[in-house]
Amino acid sequence: MSEEFKIEIVNPEKSFLVKEDVSEVVVPAFEGEMGILKDHISIISFLKPGIIKVSSKSGDENYYVEDGIVEFKNNNLSILTSSIYNLSDMDKSVQQDLLKKAEEEAGKSDISDQAKYLVDQKIEVLKTLN
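Residues numbered from 1 in each chain as written. Predicted model: local features only at pLDDT ≥ 70, side-chain atom pairs only at ≥ 80, totals over all residues. Heavy atoms only, no water.

### Some points on the pairing of strand 7 (residues 68-73)
Where burial is concerned, the two faces of strand 7 differ: the one with Gly68, Val70 and Phe72 is buried and the one with Ile69, Glu71 and Lys73 is not. Pairing geometry for strand 7 and strand 8 (residues 76-80), over five bridges, is antiparallel. Each bridged residue has a counterpart across the sheet, and for Glu71 the counterpart in strand 8 is Ser78. In textbook terms, the turn of a hairpin is the stretch between consecutive antiparallel strands, and for strand 7 and strand 8 this stretch comprises two residues, one of which, Asn74, has a positive phi near 50°. (Buried < 20%, exposed > 50% of the residue type's maximum accessible area, 1.4 Å probe, protein only. Helix = DSSP H or I, 4+ residues; strand = E, 2+ residues; numbered from the N terminus. Pairing = 2+ DSSP bridges.)

### Comments concerning the environment of Ser78
Turning to its location among the elements, Ser78 is positioned in strand 8. Distance in space between the C-alpha atoms of Ser78 and Leu17 is 10.0 Å, their sequence separation being 61 residues. In contact with Ser78, not counting residues within four places along its chain, are Glu8, Ile69, Val70 and Glu71. (Contact = heavy atoms within 4.5 Å.)

The structure is reproduced here in structure tokens:
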């Protein structure tokens, strides 16, 4: 009895990641961190800035994501995002750039509460990547 399911992460340019042997994925859903195992009930949720943790036979991988939609059904997990980075090859300078942009955005006087919440979240997560 296999405990594995399939994940596909897609960004606008291309299919970013496809794996068939995933045992668990943790996603930064709006409701909080959500762990997904095989046979989880169907879900659709929005992602907030955070880390996607993918555990599989071939090892664990972590991705920094800024937004997206996650859908799980029939043991297929799809994540659609416009902004995702593999932490194992994310350049220090990229991280610094993202942090600088986020801090500039957070400093704008006309920022809405929701945008501020998301950008603060982004800053918090990026700072933990050091």
